[in-house]
Amino acid sequence: MRYRATVSGRIQKTLDRMAEDQAFVPERMGLDAKADDFADFFVDKILNEICDGKPGRLKKMSNNLADGYYSATLSIRRKYWVEKNSNAMNPSD
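Anyway, here's the lowdown on the structure attached to this text. (Residues numbered from 1 in each chain as written. Predicted model: local features only at pLDDT ≥ 70, side-chain atom pairs only at ≥ 80, totals over all residues. Heavy atoms only, no water.)

## Points about the packing of helix H2 (residues 31-50) against helix H3 (residues 55-89)
Step number 1: Running from N to C, H2 and H3 cross one another at 95°; their axes reach a closest spacing of 8 Å. On the basis of their axis angle, the class for H2 and H3 is roughly perpendicular. Residues Phe42, Ile46, Leu47 and Ile50 of H2 form the contact with H3, whose own contacting residues are Pro55, Arg57, Leu58 and Met61.
Step number 2: Split by residue class, the contact of H2 with H3 holds 7 nonpolar, no polar and 1 charged. (Axes fitted to C-alpha atoms, helices over the stretch in contact; angles between N-to-C directions. Helix = DSSP H or I, 4+ residues; strand = E, 2+ residues; numbered from the N terminus. Parallel < 35°, antiparallel > 145°, perpendicular 65-115°, else oblique. Contact = heavy atoms within 4.5 Å. Nonpolar A, V, L, I, M, F, W, Y, C, P; charged D, E, K, R; others polar.)

## Some words on H2
Step number 1: Roughly 30° is the biggest bend found in H2, and it falls at Val43.
Step number 2: Among the residues of H2, Leu31, Ala35, Ala39, Val43 and Leu47 are the ones counted as buried.
Step number 3: Looking at the packing, one finds that the buried side of H2 touches helix H1 (2-17) and H3.
Step number 4: A positive backbone phi angle near 55° is found at Asp52, which sits one or two residues after H2. (Bend = angle between axes of the 7 residues up to and from the residue. Buried < 20%, exposed > 50% of the residue type's maximum accessible area, 1.4 Å probe, protein only.)

## Things to note about the pattern of salt bridges
Step number 1: Considering all chains together, one arrives at 4 salt bridges under this definition.
Step number 2: Through salt bridges with shared partners, one network takes in Arg4, Asp40 and Asp44. (Salt bridge = Lys/Arg side-chain N within 4 Å of Asp/Glu carboxyl O.)

## As for the layout of surface pockets
The method is simple in principle: a probe with the dimensions of a water molecule rolls over the atoms, and the space it marks as empty is what remains.
Step number 1: Taken as a whole, the largest pocket encloses approximately 260 Å³ of empty space.
Step number 2: Along the walls of the largest pocket sit Tyr3, Thr6, Val7, Arg10, Ile11, Phe38, Phe42, Val43, Leu47, Pro55, Leu58 and Lys59, which together make up its complete lining.
Step number 3: For the lining of the largest pocket, the element with the highest residue contribution is H1, accounting for 5 residues.
Step number 4: Counted by class, the lining of the largest pocket contains 9 nonpolar, 1 polar and 2 charged residues. (1 Å grid on protein atoms, 1.4 Å probe; cavity = no way out; pocket = protein on both sides within 12 Å on 5 of 7 lines; lining within 4 Å. Points joined across faces, edges and corners; volume = space filled by probe spheres on them.)

Structure representation (structure tokens):
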């Protein structure tokens, strides 16, 4: 129960603190119930099933995911600049 409340509270607090230009929330009515539903799913499927109920494993998986995202971002940026520089050296006009 504690984890569900933490996840739901974090979602609601984050959305409340965001300015309108930072997140589009189509319907704020019932947001607390939606956050609770998501928290139930997250705790049941992610924490309990995938991470065997171990918060430390969840944190490790989160860090690994963040590392992968960071690596992918660098790769995309590198490819972008290679293409951009190649096009600048060989204009097709």
